[in-house]
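Each chain is listed here by its residues.
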Amino acid sequence: MSDRILLDDVAYTAYMADDLDLMERFLTDFGMKRSARTDGALYMRGTGSAHHIHVTRKGAENKFLGGAFRVRSRAELEKAARIPGASAIERITEPGGGERVSLKTPNGHNLWLEYGAETVPELPARRVYQMNFASSHLRFNTAVRQRADITPILRIGHFVLWVADAPKEIAWFRQHFDLVPSDYICAHSDEPDPKVVGTFLRYDRGQDYVEHHCMLITQSVNFGCHHSSYEVLDLDAVTSGHDYLVEKGWHLDAGVGRHYLGSLIYDYWKDPFGNRVEHYTDTDLINDDYEPVYFVGTADETTQWGMAPPPSFFD
């Protein structure tokens, strides 16, 4: 039996902010729904069955607090509790319940592993709009009708950690969890062996296809979360949500566009507290047959088309 912990999916990212009302207003426009709220915390959900996918705790500072994964069984929690520095298995007393093990990564990020949280009824969402291409016709006798509106978020797909020592962080995650590299971001250089500064990690499911990444760990002068990313239905969902958020006057960061690595269509926004969040759709699905790319290029080359991210995106 492998000692690596089997992850199910990203559960949520957590933040501290000094105004829960303002955060809720933004996240509602961004496509989430309130799942629970207490005097000290806000729990927002998507259309899926997860109780929450975003947590905001009230506090004087505005900052990233950590990320959480669901594990596939309680036995995985028991394994997690044996990682050096891990907490014992603890009962979660906040909304959603379940049990968790708390960890601190080598670079000092909080990581929570959870199991047994309650689920909630899925929320209705429109059908996916199939697209008709020159050589592949998928939509018949059905029109597309999509106006600018709140685009429902389905789930949280991934988050990105800024760290001072990326190799140490990546080695720790790979040692303890069923994660493998998908692609690498390298420092722009003419050297034959460029330095890796960022690694995309995906679930290690062998021949089963999984999303291109559930995490990106990247070397940075910053500490925190570069962004957390939320899946929406399709291209029309991304663009209609974009137009709605523009109408509401929220802070656009970059998008709409298509990334080079992972190929996903993206739309990045800043919440009122400076945290970057992303709508995405149409990401690559890969398995063990995939050959990782060592990407050496300029910041502009990370975008294939659309609005490229600003220079601050690459700090």
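Residues numbered from 1 in each chain as written. Predicted model: local features only at pLDDT ≥ 70, side-chain atom pairs only at ≥ 80, totals over all residues. Heavy atoms only, no water.

A.B. asks: Outline the environment of Ile5, listing residues and values.
C.D. replies: Along the chain, Ile5 turns up in the segment before β1 (7-17). Counting along the chain gives 71 residues from Ile5 to Glu76, while the straight-line C-alpha distance between them is 5.5 Å. Those residues in contact with Ile5, other than ones at most four positions away along the chain, are Val71, Glu76, Lys79, Ala80, Ile83, Leu113, His176, Phe177 and Asp178. (Helix = DSSP H or I, 4+ residues; strand = E, 2+ residues; numbered from the N terminus. Contact = heavy atoms within 4.5 Å.)

A.B. asks: Tell me about the pattern of salt bridges, and name the residues and values.
C.D. replies: All told, the structure shown has 21 salt bridges when counted by the stated rule. Its salt-bridge partner being Lys79, residue Glu76 comes within 3.0 Å of it at the nearest N-O pair. In this pair, Glu76 and Lys79 both sit in helix α2 (residues 74-80), three residues apart, roughly one turn of the helix. In this structure, Asp178 and Arg205 form a salt bridge, with 4.0 Å as the shortest nitrogen-oxygen distance. A residue pair is termed long-range when its members are at least 10 positions apart, and Asp178 in the loop between α3 (166-176) and β10 (179-186) and Arg205 in the loop between β11 (196-203) and β12 (210-211) qualify at 27 residues. Look at Arg205 and you get partly exposed, because its relative accessible area is 23%. Where salt bridges share partners, they join Asp9, Arg155, Glu211 and Glu231 into one cluster. (Salt bridge = Lys/Arg side-chain N within 4 Å of Asp/Glu carboxyl O. Buried < 20%, exposed > 50% of the residue type's maximum accessible area, 1.4 Å probe, protein only.)

A.B. asks: Provide a residue-level description of the sheet that holds strand β9 (residues 155-163), including the pertinent values.
C.D. replies: Strand pairing in a sheet relies on backbone hydrogen bonds. The paired strands run either parallel or antiparallel. Read from one edge to the other, the open sheet built from 10 strands follows the order β19-β10-β11-β13-β9-β14-β17-β16-β15-β20, with strand pairing classed as mixed. Only two strands of the sheet have a single partner each, and these edge strands are β19 (294-296) and β20 (303-306). When the angles between neighbouring strand axes are averaged without regard to direction, this sheet yields 25°. Most of the contacts of α3 go to strand β13 (residues 215-219), to which it runs at about 155°, and overall it touches β9, β10, β11 and β13. (Pairing = 2+ DSSP bridges. Axes fitted to C-alpha atoms, helices over the stretch in contact; angles between N-to-C directions.)

A.B. asks: Can you explain helix α1 (residues 20-30)? Please cite residues and give values.
C.D. replies: Each turn of an α-helix holds 3.6 residues, which means side chains three or four residues apart point in the same direction. Taken together, the buried positions of α1 are occupied by Leu20, Met23, Glu24, Phe26, Leu27, Asp29 and Phe30. N-capping of α1 is provided by Asp19, with a side-chain oxygen placed 3.1 Å from the backbone N of Asp21. Positive backbone phi, approximately 125°, marks Gly31, located one or two places after α1. (Polar contact = N/O pair within 3.5 Å; in protein donor to acceptor, adjacent residues only side chain to side chain.)

A.B. asks: Residues and numbers for the packing of aromatic side chains, please.
C.D. replies: Under the definition given, this model contains 14 aromatic pairs. When the centroid spacing of 5.8 Å and the interplanar angle of 45° are considered together, the rings of Phe69 and Phe159 count as tilted. You can see Phe69 sitting in strand β5 (residues 63-71) and its partner Phe159 sitting in strand β9, a full 90 residues away along the chain. Note on accessibility: Phe69 and Phe159 belong to one class, buried. Their ring planes at 70° and their centres at 4.9 Å tell us that Tyr268 and Phe313 sit as a pair that is edge-to-face. Of this pair, Tyr268 sits in strand β16 (residues 265-270) while Phe313 sits in the segment after β20, and the two are 45 residues apart along the sequence. Summarising the burial analysis for this pair, Tyr268 and Phe313 share the class buried. Among the aromatic residues, those joined into a cluster by ring pairs are Phe26, Phe30, Tyr230 and Trp250. (Phe/Tyr/Trp six-rings, centres within 6.5 Å; stacked < 30°, edge-to-face > 60°.)

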